[in-house]
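Listed below, chain by chain, are the residues.
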Amino acid sequence: MGYSSEDDSEISDSEIDEYEGKTCERLVSGDFKFRNGENYSCPFCIGKKKKDYNLHNILQHASGVGAAPNRPAKDKATHRALAKHLKNGPANPPKPQPQPQPQSQVIAAAEPRPLPNRHEKFVWPWMGVLVNVPTEWKDGRQVGESGNRLKGQLSRFCPQKVIPLWNFRGHTGNAIVEFAKDWNGFRNALAFENFFEAEGSGRRNWKQKQNQGSKLFGWVARAEDYNFPGLIGDHLRKNGDLKTIDDLENERTRKNDRLEANLADEIEVKNKHLQELECRYNETTASLEKMMGQREQLLQKYNEEIRKMQQLAHRHSQRIIDENQNLRSELESKISELNARSKQLDDLSEKSGYDRRNLDQEKQKNAIKSSHLQLATVEQQRVDEDVMKLVGVHKREKQAALNKILKLEQQLEAKQTLELEIQQLKGKLEVMKYMPGHEDLESKNKINELSDALQEKIDELDSMESLNQTLVIKESKSNIEMQEARKELENGLLDLSVGQAHIGFKRMGELDLEAVSNACRKLSKEDAEVTAAIICSKWEAEVKNSDWHPFRVVMVDGKEKEIIDADDAKLQGLKEEHGEEIYALVTKVLREINEYNGSTRYPVAELWNFREERKASLKEAVQFVMRQWRMNRRKRQA
């Protein structure tokens, strides 16, 4: 049989292996004739000029076409199958009376028999029985061909494994041939059986002949072999089951139905999960939009408050400037009055014989007043200049603070926007992964685009985090410089302050020994100073104890606030033992330490206005230092 026209349909590259296997089976079964005596012809190259080859040339021809990159897929598949068949051994020409062949001779293909009855029982997984394997007595036991060598001789039938059967005497001359569990394995098993039937070496021939010689016999294992006593039956019963073709097809149908049901259940579960993800995504999106709206409202309120503060500061500065202008006008009017009065006195001295002595005294008094007023004017001008400079400094500081706040707001807004975009992209990616049909090219491209965009946003967020870290470091350095300046200011206050200065540093979280002593004296205690020192030492240690936290949280104007827990056992004992005044001093110190250094509970120095009992601003401290410095300078000049 040659290459028929019904096989002209083309195949794809992915179908080459499957078509090659089918062609191998047809070559084994004899569908294609390619040998005429010692000459060979290619059954797949119809119409070529050169048709006769020797074995070497046709093998070279088949291998070359099978490996050619520019040949059609079907030509490569058929020529690969021919090369494989030739390497395994070409079929010998049929002879009238087949003779026994040696064991190492290559096995030839045969014409297949009709398919077996669908209700006939076979051993599954598909197995073949090989008997009369030549053995010899050696070293006290029977030895024979190994399983690998037998597998090589039967390689055209694609066996999975050949297992020789042994007993206590050694090799029994029997072997089991295992084939693949699929339908290709079944076809190979039938081809194996057909070959031995064609050679007169099938099951019937094995039963009929008395002297088999060294010829191999083989067939497909069926119910008879499965139930037969002995090594063959034991091996088949141990490693296989009896099944018909219908049983296998029904089993495959059940498996497919079960697989379809499982896939349908999995699809349903994934669809539910996808719906849940979509709901969560929609809820998250709505929540984010709501948060953005609230953020915009807060930003508008904040900007409105900033504008109001700026307007108030501007009006306050303008009022100060107006007051200074009024003072300057008053000074100028008084100087004018004094000048006029002096002129009047000069006129009177010229026109009348007024007592010149009194007149000179009055002139001296007027001259002294005029000098004082002049000095006041100069001082007022200097104060005006200082005020204007201070207003300018405040204006620059406010503008710098406003610019810094705006910059921080912009950075915060950009960071929050990036985080929102990243969360949205992650949600979209999660939804895309569970979308049906995500394996197609368009969905993969979309997922890749979303992944790239997500990575870009993450990189941008990382760079912004790095920038923020740099700004934090700079801010930390600025704070260190501010603390150093504050330290210098503290040293300046210590150097300049004399007596009871109203601006200075107060130790927040530290008991006032003098106030405690006064309270002890009111209680008529003996050795009030000693008692006060003991009380201060004990309760300063209690205040520093971080395990003691006599506070409770209450809501004030919608915000949480910590207040003293009046029911605390230690505070109750303090009130009962030492009275309300000392209790008030200790609770005051507790509030201070909780506000200024609640983490370590150690006293800290704070700028303080002792006259008004409040925290002093840096501006007040600087003004106080400048006044003290001027006073000291005047004293030195005097």
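The structure we're discussing is the one just above.
Computed from a predicted structure; not experimentally measured.

## Thoughts on helix α1 (residues 16-29)
Across its 14 residues, α1 extends 20 Å between first and last C-alpha, which sits within 8% of the 20 Å expected from 1.5 Å per residue. Of the residues making up α1, those classed as buried are I16, Y19, E20, T23, C24, L27, V28 and S29. For α1, the secondary structure elements touched by its buried residues are α3 (73-88). The positive-phi residue at the C-terminal boundary of α1 is G30, with phi of around 90°.

## A closer look at a nonpolar patch on the surface
On the surface, M482, L618, V622, M626 and W629 cluster together into a nonpolar patch covering about 460 Å² of accessible area. If you tally residues by element for the nonpolar patch, the top one is helix α16 (residues 618-637), at four residues. On the secondary structure map, M482 appears in helix α11 (residues 441-496). The exposure class assigned to M482 is partly exposed, which follows from its relative accessible area of 47%.

## Thoughts on the sheet that holds strand β14 (residues 604-609)
Strand order across the open sheet formed by three strands is β11-β14-β15, with antiparallel pairing between neighbours. Two strands bound the open sheet, and with one partner strand each, they are β11 (503-508) and β15 (614-615). Here β14 pairs with β15 via two bridges, running antiparallel. Note on β15: the bridge partner recorded for N609 is R614. Docked against the sheet, helix α15 (residues 580-596) engages β11, β14 and β15, running at close to 95° with respect to β11. Across the sheet, α16 is in contact with β11, β14 and β15; its angle to β14 comes to roughly 70°.

## A word on the pattern of salt bridges
Enumeration over the complete set of coordinates arrives at 20 salt bridges. Where D225 meets R203, a salt bridge forms, and the shortest distance between an N and an O atom there is 2.8 Å. Note that D225 is positioned in helix α7 (residues 223-227) and R203 in helix α6 (residues 203-208), a separation of 22 residues in sequence. Considered together, D225 and R203 belong to a single accessibility category, that of buried residues. Here the salt bridges share partners, and the residues they tie into one network are R203, K207, E224 and D225.

## Examining the packing of aromatic side chains
Here the structure, examined in full by the defined rule, presents 13 aromatic pairs. Between F122 and W126, the ring centres sit 6.3 Å apart and the planes meet at 80°, which makes this aromatic pair edge-to-face. Residue classification places F122 among the buried residues on the basis of a relative accessible area of 0%. A centroid spacing of 6.1 Å and a plane angle of 55° characterise the contact between W539 and W548, whose relative ring orientation is tilted. A residue is classified by how much of its surface remains accessible, and W539, at 5% relative accessible area, is buried.

## Points about the pairing of strand β8 (residues 170-178)
Counted residue by residue, β8 has eight buried out of nine residues, so it is predominantly covered. Of the pairings in the sheet, the one linking strand β4 (residues 127-131) to β8 comprises four bridges and is antiparallel in character. Looking across to β8, one finds that V129 is bridged to I176. Examined bridge by bridge, strand β7 (residues 161-167) and β8 share six bridges and lie antiparallel to one another. Across the sheet, the residue bridging to K161 is E178, located in β8. Following β7, the chain reverses through two residues before pairing antiparallel with β8.

What counts and how
Residues numbered from 1 in each chain as written. Predicted model: local features only at pLDDT ≥ 70, side-chain atom pairs only at ≥ 80, totals over all residues. Heavy atoms only, no water. Helix = DSSP H or I, 4+ residues; strand = E, 2+ residues; numbered from the N terminus. Expected span 1.5 Å × (residues − 1). Buried < 20%, exposed > 50% of the residue type's maximum accessible area, 1.4 Å probe, protein only. Contact = heavy atoms within 4.5 Å. Patch = residues over 30% accessible without salt bridge, like charges linked within 9 Å, V, L, I, M, F, W, Y side chains within 5 Å. Areas by Shrake-Rupley, 256 points an atom, 1.4 Å probe, with all protein chains shown as cover. Salt bridge = Lys/Arg side-chain N within 4 Å of Asp/Glu carboxyl O. Pairing = 2+ DSSP bridges. Axes fitted to C-alpha atoms, helices over the stretch in contact; angles between N-to-C directions. Phe/Tyr/Trp six-rings, centres within 6.5 Å; stacked < 30°, edge-to-face > 60°.

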